[in-house]
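Each chain, written out:
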There are 2 protein chains.
Amino acid sequence: MTTASTGLRARRRQELLAAIRTAAIEELRRSGATGLSLRAIARDVGIAVSALYRYFPSRDELLTDLIVHAFDEHADTVEAGGAHDDVGEALRGIWHAYRAWAVAHPAEFGLAYGTPVPGYAAPPQDTVHAGTRIGHFALELLARAHAEGRLDPDSLHRRAARLSPGTAQQLETWSSRHGQRLPTEVLAVWLDLFVHLHGLVSMEVFGLLRPITPDATPYATEVIDTELAALVRPRR
Amino acid sequence: MTTASTGLRARRRQELLAAIRTAAIEELRRSGATGLSLRAIARDVGIAVSALYRYFPSRDELLTDLIVHAFDEHADTVEAGGAHDDVGEALRGIWHAYRAWAVAHPAEFGLAYGTPVPGYAAPPQDTVHAGTRIGHFALELLARAHAEGRLDPDSLHRRAARLSPGTAQQLETWSSRHGQRLPTEVLAVWLDLFVHLHGLVSMEVFGLLRPITPDATPYATEVIDTELAALVRPRR
DNA sequence: CTCTCTACGAGAGCAATGTTCTCTATTTCT
DNA sequence: AGAAATAGAGAACATTGCTCTCGTAGAGAG
């Protein structure tokens, strides 16, 4: 079992698995999650449909695999975009990377973050971990910025002032469950950032801005930059 | 043809059409746009599948009809929520109505604003009008608030200062095509509001906030209220 | 090197889907 | 009242996800 990875069979299996995944993504791009057809994938790869079931027990499992893959690829891109010494630059970097990946991979983005498919509940244990990587990474960066005194005090004060008790309590329980010990305003600012910027990106990718803005690049970059410029002050 | 609306056949047609629509929405709620099955609808209504084709030429046309219906119902709700003498209250009202309808009708909301379905391009002429009603209504309200001097000057100045040339130009061309004559900052503020609040609502409806906030009501209402409180100042 | 044994792929088959066609009954119009 | 348009039923076709059976070809033991 351990040495099997060098066997001929195991190698073929890996190759076919990879071929199936790429064909599936190709199909996903062409026809969306709805029209993802196992038979079409099998035709692309050049095998019988029934052979697919040696790799994925069902169509839903294949979708789950694609979702996890999308989350991971997105998170990888975002983390790479956050590789800066300066926290401010890192925060800017992750959000531009966030958007860039989404724009470049609309089908995968829609699959991961779009309309949930009723009847198919994505198995939480599989997807949740991958799906929260970005959130945790952003929060870590924000915590670092806070520790370094880079967060704009005015923004934090204003945020604290308008924090409703319900929100504050929910943020507290969330952070206590995840071991993060941060002032509630910082958590609130983190959530605000996430909601604003993910909302922006998803609207752009789903085409909701097209009637107003055929190419949303200027607007999106402007919003990301100004949002972060207002929150984290330059290194002195 | 004119008097046909009172004929027996025409009445039956209307009734069956209504029955089909409600059954379709029921199915949509249960299985989503993906699993919307004509045969299931026919079974619910109690007719043969082929009879459905006397009412809708294809499954996609049925979907388009449902999308238009969803847009219209959403817009009706939002416009009703904006029925206030005070512009500030009206603006608050439309956004709370916007969210309330979305939360109450997640399937329709997802169909109208969610992941686009490749291969099926929603016929623009049918959906665009219904889809832009809310945007135009919100813009009219904002224009009224501007005319009455209710928009916070600081917010407008700050928005104007961080307006990128690309965005400004796109907003100008859009407004010139729609006959609205407003300062660019006001248009930018309108777009910001839309992006922020629609992004918030769609994240809540699609379940993206659930890991952080099982019930997003406090957070959502807080964001809507504070966002508007910062933008439009109270009547003096 | 040979002999099991297990894994893997092919193919047929099942129920369900969207869509089309034909046929019959019924309403509508002249 | 007779002719014409219309609405629904039912069968049929291609396609889908999925299951089952069957032969073959690699893997491990002697």
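1. Re the overall build of chain A
- For chain A, the count of helices and strands is eleven helices and zero strands.
- The linear arrangement of helices and strands in chain A, starting from the amino end, is α-α-α-α-α-α-α-α-α-α-α.
- When the backbone C-alpha atoms are referred to their principal axes, chain A occupies close to 65 × 50 × 35 Å.
- Relative to its full complement of 236 residues, chain A shows a buried share of 49%.

2. With respect to the protein's contact with DNA strand D
- Taken together, 22 residues are adjacent to DNA strand D, and Arg-39 of chain A together with Ala-48, Ser-50, Arg-54 and Tyr-55 of chain B come closest.
- Those atoms of DNA strand D that come within 4 Å of the protein belong to sugar or phosphate at a rate of 47%.
- Side-chain polar atom of Arg-9 of chain A to a base nitrogen of DNA strand D: 3.3 Å apart, as the coordinates give it.
- Breaking the surface near DNA strand D down by element, the ones donating at least two residues are helix H1 (8–31) and helix H2 (38–45) of chain A together with helix H1 (8–31) and helix H3 (49–52) of chain B.
- In terms of residue class, the surface near DNA strand D is built from nine nonpolar, five polar and eight charged.

3. Some words on the relation of the copies chain A and chain B
- Superposing chain A onto chain B takes a rotation of 180 degrees plus a shift of 0.0 Å along the axis, which leaves an RMSD of 0.1 Å. With respect to symmetry, the two chain copies, as superposed, fit the operation of a two-fold axis. When each C-alpha of chain A is compared by its distance to the rotation axis, Gly-199 of chain A comes out closest, at 1.8 Å.

4. A word on the pattern of salt bridges
Residue and element names in this part refer to chain A.
- Using the criterion set out here, one finds 32 salt bridges over all chains in the structure.
- With its nearest N and O atoms 2.8 Å apart, the salt bridge here joins Arg-99 to Glu-204. With Arg-99 in helix H5 (residues 87–104) and Glu-204 in helix H10 (residues 184–205), this residue pair connects regions lying 105 residues apart in the sequence. Across this residue pair, the class does not change: Arg-99 and Glu-204 are buried.

5. Focus: the protein's contact with DNA strand C
- In the vicinity of DNA strand C, 23 residues are found, and the nearest of them are Ala-48, Ser-50 and Arg-54 of chain A together with Arg-9 and Arg-39 of chain B.
- The side chain of Arg-13 of chain A places a nitrogen or oxygen atom 3.2 Å from a phosphate oxygen of DNA strand C.
- Between DNA strand C and Arg-43 of chain B, the relevant distance is 3.2 Å, taken from a phosphate oxygen to a side-chain nitrogen or oxygen of the residue.
- Of all elements in the fold, only H1 and helix H3 (49–52) of chain A together with H1, helix H2 (38–45) and H3 of chain B reach the threshold of two or more residues within the surface near DNA strand C.
- The residue inventory of the surface near DNA strand C, partitioned by class, reads ten nonpolar, five polar and eight charged.

6. Observations regarding the side chain of Thr-226 of chain B
Residues and elements named next belong to chain B.
- Along the chain, Thr-226 falls in helix H11 (residues 217–231).
- The exposure class assigned to Thr-226 is buried, which follows from its relative accessible area of 18%.
- Among the polar contacts made by the side chain of Thr-226, one reaches the main-chain carbonyl oxygen of Val-223 at a distance of 3.3 Å.

7. Comments concerning the layout of surface pockets
- The calculated volume of the second largest pocket comes to roughly 1,100 Å³.
- If you go around the second largest pocket, you meet 26 residues; those closest to its centre are Arg-158 and Arg-162 of chain A together with Arg-158, Arg-162 and Glu-227 of chain B.
- Among the residues making up the lining of the second largest pocket, the classes are represented as nine nonpolar, six polar and eleven charged.

8. Things to note about the packing of H1 of chain B against helix H4 (residues 59–81) of chain B
Residues and elements named next belong to chain B.
- Their axes nearest at 11 Å, the elements H1 and H4 cross at an angle of 85 degrees. Between H1 and H4, the angle falls in the class roughly perpendicular. Together, Arg-21, Ala-24 and Ile-25 of H1 and Leu-62, Asp-65, Leu-66 and His-69 of H4 make up the contact between the two elements.
- Broken down by class, the residue content of the contact of H1 with H4 amounts to four nonpolar, one polar and two charged.

9. Structural notes on the interface of chain A and chain B
- Tallying the contact residues gives 45 residues for chain A and 44 residues for chain B.
- Together chain A and chain B conceal approximately 3,700 Å² of surface at their shared face, both sides included; 63% is due to carbon and sulfur atoms.
- The tally of links between chain A and chain B comes to two salt bridges.
- The set of elements that each furnish at least two residues to the side of chain A that touches chain B consists of H1, helix H6 (106–113), helix H9 (165–177), H10 and helix H11 (217–231) of chain A.
- For the side of chain A that touches chain B, the element with the highest residue contribution is H10 of chain A, accounting for eleven residues.
- Grouping the amino acids of the side of chain A that touches chain B by side-chain chemistry returns 21 nonpolar, 16 polar and eight charged.

10. Digging into the packing of H10 of chain A against helix H10 (residues 184–205) of chain B
- Viewed as axis vectors pointing N to C, H10 of chain A and H10 of chain B meet at an angle of 95 degrees, and their least axial separation amounts to 8 Å. Relative to H10 of chain B, H10 of chain A is oriented roughly perpendicular. Along the contact surface, H10 of chain A presents Phe-194, Val-195, His-196, His-198, Gly-199, Leu-200, Ser-202 and Met-203 of chain A, while H10 of chain B presents Phe-194, Val-195, His-196, His-198, Gly-199, Leu-200, Ser-202 and Met-203 of chain B.
- Of the residues contributing to the contact of H10 of chain A with H10 of chain B, the split by class is eight nonpolar, eight polar and no charged.

11. Some words on the domain arrangement of chain A
Residues and elements named next belong to chain A.
- What the domain assignment reports for chain A is domain 1 (1–56) and domain 2 (67–231).
- Inter-centroid distance (C-alpha atoms) of domain 1 to domain 2 is 32 Å.
- Across the boundary between the two partners, domain 1 contributes four residues, which contact five residues of domain 2.
- Counting the surface lost from both domain 1 and domain 2, the interface buries some 440 Å², and carbon and sulfur atoms represent 73% of this.

12. Some words on the confidence of the model for chain A
- When pLDDT is averaged along chain A, the result is 92; 95% of the residues meet or exceed 70.
- Across chain A, element-level confidence peaks in H5 of chain A with a mean pLDDT of 98 and bottoms out in helix H7 (residues 124–147) of chain A with 89.

13. Some words on empty space enclosed by the protein
Residue and element names in this part refer to chain B.
- In the structure shown here, the tally under the stated rule is three cavities of 30 Å³ or more.
- Quantified by volume, the largest cavity comes out at close to 40 Å³.
- Leu-38, Leu-52, Tyr-53, Phe-56, Ser-58 and Leu-62 together form the lining of the largest cavity.
- Taken together, the residues of the lining of the largest cavity sort by class into five nonpolar, one polar and no charged.

14. A few points about the environment of Arg-150 of chain B
- By secondary structure assignment, the location of Arg-150 of chain B is in the loop between helix H7 (124–147) and helix H8 (153–161).
- With residues near it in sequence (within four places) discarded, Arg-150 of chain B still touches Asp-86, Val-87, Gly-88, Ala-145, Leu-231, Val-232, Arg-233, Pro-234 and Arg-235 of chain B.

Thresholds applied
- Residues numbered from 1 in each chain as written.
- Chains lettered and ligands numbered in written order.
- Predicted model: local features only at pLDDT ≥ 70, side-chain atom pairs only at ≥ 80, totals over all residues.
- Heavy atoms only, no water.
- Helix = DSSP H or I, 4+ residues; strand = E, 2+ residues; numbered from the N terminus.
- Buried < 20%, exposed > 50% of the residue type's maximum accessible area, 1.4 Å probe, protein only.
- Near = heavy atom within 4 Å.
- Polar contact = N/O pair within 3.5 Å; in protein donor to acceptor, adjacent residues only side chain to side chain.
- Nonpolar A, V, L, I, M, F, W, Y, C, P; charged D, E, K, R; others polar.
- Least-squares fit on C-alpha atoms with pLDDT ≥ 70 in both.
- Salt bridge = Lys/Arg side-chain N within 4 Å of Asp/Glu carboxyl O.
- 1 Å grid on protein atoms, 1.4 Å probe; cavity = no way out; pocket = protein on both sides within 12 Å on 5 of 7 lines; lining within 4 Å.
- Points joined across faces, edges and corners; volume = space filled by probe spheres on them.
- Axes fitted to C-alpha atoms, helices over the stretch in contact; angles between N-to-C directions.
- Parallel < 35°, antiparallel > 145°, perpendicular 65-115°, else oblique.
- Contact = heavy atoms within 4.5 Å.
- Buried area = accessible area lost by both parts, 1.4 Å probe.
- Domains from an automatic or database assignment.
- pLDDT = per-residue confidence, 0-100.

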